[in-house]
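# Residue-level structural notes
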Amino acid sequence: MSLPPIPRVLPRILSRLHAAEFVDKEDILAVMECDPTLEERILSYINSQLPRIVGDVGQAVRMVGPTTAAGIVIRLSMSKLNVLRRKTAGSCVRQLIQHSEATAILARHLLCRQRPEPAAQTGDSEDQDLAQTAFAKGFVHDLGKLVLIYNNPERGAALYGDNWIERTPEEVSERAVEQRAFGCDHTEAGAYVATEIGLPAGLVSVMATHHDADASATDISDSRDLRAVRTANLATKAMGTKFSGLHAQDVSLDWDACVRHPEWFHWGSSSSAAPETLEQEDFVLYSEFFLENLSGAVLA
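Nothing here was measured: the structure is a model prediction, and the numbers come from that model.

Definitions and limits used
Residues numbered from 1 in each chain as written. Predicted model: local features only at pLDDT ≥ 70, side-chain atom pairs only at ≥ 80, totals over all residues. Heavy atoms only, no water. Helix = DSSP H or I, 4+ residues; strand = E, 2+ residues; numbered from the N terminus. Buried < 20%, exposed > 50% of the residue type's maximum accessible area, 1.4 Å probe, protein only. Contact = heavy atoms within 4.5 Å. Areas by Shrake-Rupley, 256 points an atom, 1.4 Å probe, with all protein chains shown as cover. Phe/Tyr/Trp six-rings, centres within 6.5 Å; stacked < 30°, edge-to-face > 60°. Lys, Arg positive; Asp, Glu negative; His and termini not counted. Salt bridge = Lys/Arg side-chain N within 4 Å of Asp/Glu carboxyl O. Polar contact = N/O pair within 3.5 Å; in protein donor to acceptor, adjacent residues only side chain to side chain. pLDDT = per-residue confidence, 0-100. Axes fitted to C-alpha atoms, helices over the stretch in contact; angles between N-to-C directions. Parallel < 35°, antiparallel > 145°, perpendicular 65-115°, else oblique. Left-handed = near helix turned anticlockwise from the far one by under 90°. Core = buried A, V, L, I, M, F, W, Y, C linked by side-chain atoms within 4.5 Å. Nonpolar A, V, L, I, M, F, W, Y, C, P; charged D, E, K, R; others polar.

### As for the overall build of the protein chain
What the protein chain contains, in helices and strands, is 20 helices and zero strands. Within the protein chain, the proportion of its 300 residues that are buried is 52%. Long-range contacts, defined here as pairs at least 24 residues apart, represent 71% of the contacts in the protein chain between residues at least 6 apart. Put simply, the protein chain shows about 14,200 Å² of open surface, and 49% of that area lies on carbon and sulfur atoms.

Next comes the structure, spelled out in structure tokens:
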């Protein structure tokens, strides 16, 4: 199984944007530390739009503004997937990224809004770590589908397309369909690649077990995160095709069916975890916004 190009900085920069709806220069520079090649690429990209060349990436970020720089980081990160986006599976990749970002937003929403008051008083840094961890796990949970598409774009485009969905019997699980088509399902593919590239164990666990209701993580925080990702993934199925992700069968739900699902029982009766609250969450998908608005000049 070939390893696809993974935009590892993408969940980090998106998490910062969703946490405060703005970023500063330090956020941008911290994110770039995760990808040694990114600093040179973003400096080259910004210089191509400026009237004079600057040699320092910090100065370049100040000149265009940190939010614009964040958009450039997103675009350059996504460019790693161009080999797929330009082929038959291009629409699948776009839909997968949208679902990943939506699931990440919801997972963070569930965890941050459900914190007990005493824990909430422990400081901003802990809150930020909680949010970023939940966001990252929500974002990568379906990485295995990207792996499957990367290794066979034509089959992936066919499997996750509307025509196939209409022919898939309800009693046949999606993972069974993937097994027949690819030789493994997306949870196995995601866990394999995540292990190969050295992602943290908590991320590997989410990719491997987010569909296994009986599976649980040994670490309490990982178990909490896994439950939030499962519930967030479930909620996207009631939010329409833009957010529901890639599937080999029809998985759409309404909110009534969603709230009756056992995954919701953990969150109790708190109004902050109610489906209608999630539905009202401000869903700006920055990956989509910046890709659509950075095709020309980068200066506002």
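### Section: the packing of aromatic side chains
Inspection of every chain in the model, using the stated rule, returns one aromatic pair. Ring geometry for Phe-135 and Phe-139: centres 6.5 Å apart, planes at 10 degrees, overall stacked. Residue Phe-135 and its partner Phe-139 are both found in helix α9 (residues 124–140); the two are separated by four residues, about one turn of the helix. By relative accessible area, Phe-139 is classed as buried at 8%.

### A look at the side chain of Lys-237
Locating Lys-237 in the fold gives a position in the loop between α16 (220–236) and α17 (241–244). Here Lys-237 occupies a buried position and makes no salt bridge, while the nearest side chain of opposite charge, Asp-142, is found at 6.0 Å. Reaching out from Lys-237, the side chain makes a polar contact with the side chain of Thr-236 at a distance of 3.2 Å. Residues in contact with Lys-237, not counting those within four places in the same chain, are His-99, Ser-244, His-247, Val-251, Ser-252 and Leu-253.

### Brief notes about the confidence of the model for the protein chain
Counting all residues, the mean pLDDT for the protein chain is 79, and 78% of those residues have values of 70 or more. No element of the protein chain has a lower mean pLDDT than helix α8 (residues 117–120), which averages 42, and none a higher one than helix α14 (residues 186–196), which averages 94. In this model residues 116–123 is a low-confidence stretch, pLDDT under 50, and it forms three contacts with partners more than four residues away in sequence or in other chains. pLDDT under 50 marks residues 294–300. Its contacts with residues more than four places away, or in other chains, come to 14 contacts.

### Remarks on the pattern of salt bridges
Tallying each qualifying case throughout the model produces seven salt bridges. Arg-175 serves as the salt-bridge partner of Asp-212, at 2.9 Å between the closest nitrogen and oxygen. With Asp-212 in the loop between α15 (201–209) and α16 and Arg-175 in helix α13 (residues 174–182), the pair connects residues that are 37 residues apart, well separated along the chain. Judged by its relative accessible area of 26%, Asp-212 falls in the partly exposed class. The partly exposed category is assigned to Arg-175, whose relative accessible area is 24%. The partner of Arg-224 in a salt bridge is Asp-225, with the nearest N and O atoms 3.2 Å apart. Residue classification places Arg-224 among the partly exposed residues on the basis of a relative accessible area of 33%. It is possible to trace a salt-bridge network through shared partners that takes in Lys-137, Arg-224 and Asp-225.

### Quick word on helix α3 (residues 38–47)
Every buried residue of α3 is listed here: Leu-38, Ile-42, Leu-43, Tyr-45, Ile-46 and Asn-47. For α3, the secondary structure elements touched by its buried residues are α2 (25–32), α4 (57–64) and α5 (66–78).

### Some remarks on the packing of α14 against α15
Their axes nearest at 7 Å, the elements α14 and α15 cross at an angle of 165 degrees. One element, α14, and the other, α15, form an angle in the roughly antiparallel class. Considering how the two elements wind past one another, α14 and α15 form a crossing that is left-handed. Contact residues: Thr-187, Gly-190, Ala-191, Ala-194 and Thr-195 in α14; Val-204, Met-207 and Ala-208 in α15.

### Let's talk about the nonpolar core
Grouped together as the largest cluster of nonpolar side chains are 86 residues, with contacts concentrated most on Ile-13 and Ile-28. In terms of residue count, helix α7 (residues 90–113) provides more of this core than any other element does, 11 residues in total. Leaving out residues up to four positions away in the same chain, Ile-13 has contacts with Ile-28, Val-31, Ala-70, Val-73 and Ile-74.

### Some details on the environment of Leu-50
With respect to the secondary-structure elements, Leu-50 resides in the loop between α3 and α4. Between the C-alpha atom of Leu-50 and that of Met-63, which follows or precedes it by 13 residues, the distance is 8.8 Å.

### Observations concerning the packing of helix α10 (residues 143–151) against α14
Two quantities define a packed helix pair, namely the angle between the axes and the distance from one axis to the other. Here α10 crosses α14 at 95 degrees, and the two axes come no closer than 7 Å. By the criterion of interaxial angle, the relationship of α10 to α14 is roughly perpendicular. For the pair formed by α10 and α14, the contact residues are Leu-143, Gly-144, Lys-145, Val-147 and Leu-148 on the first element and His-186, Ala-189, Gly-190 and Val-193 on the second. By residue class, the composition of the contact of α10 with α14 is five nonpolar, three polar and one charged.

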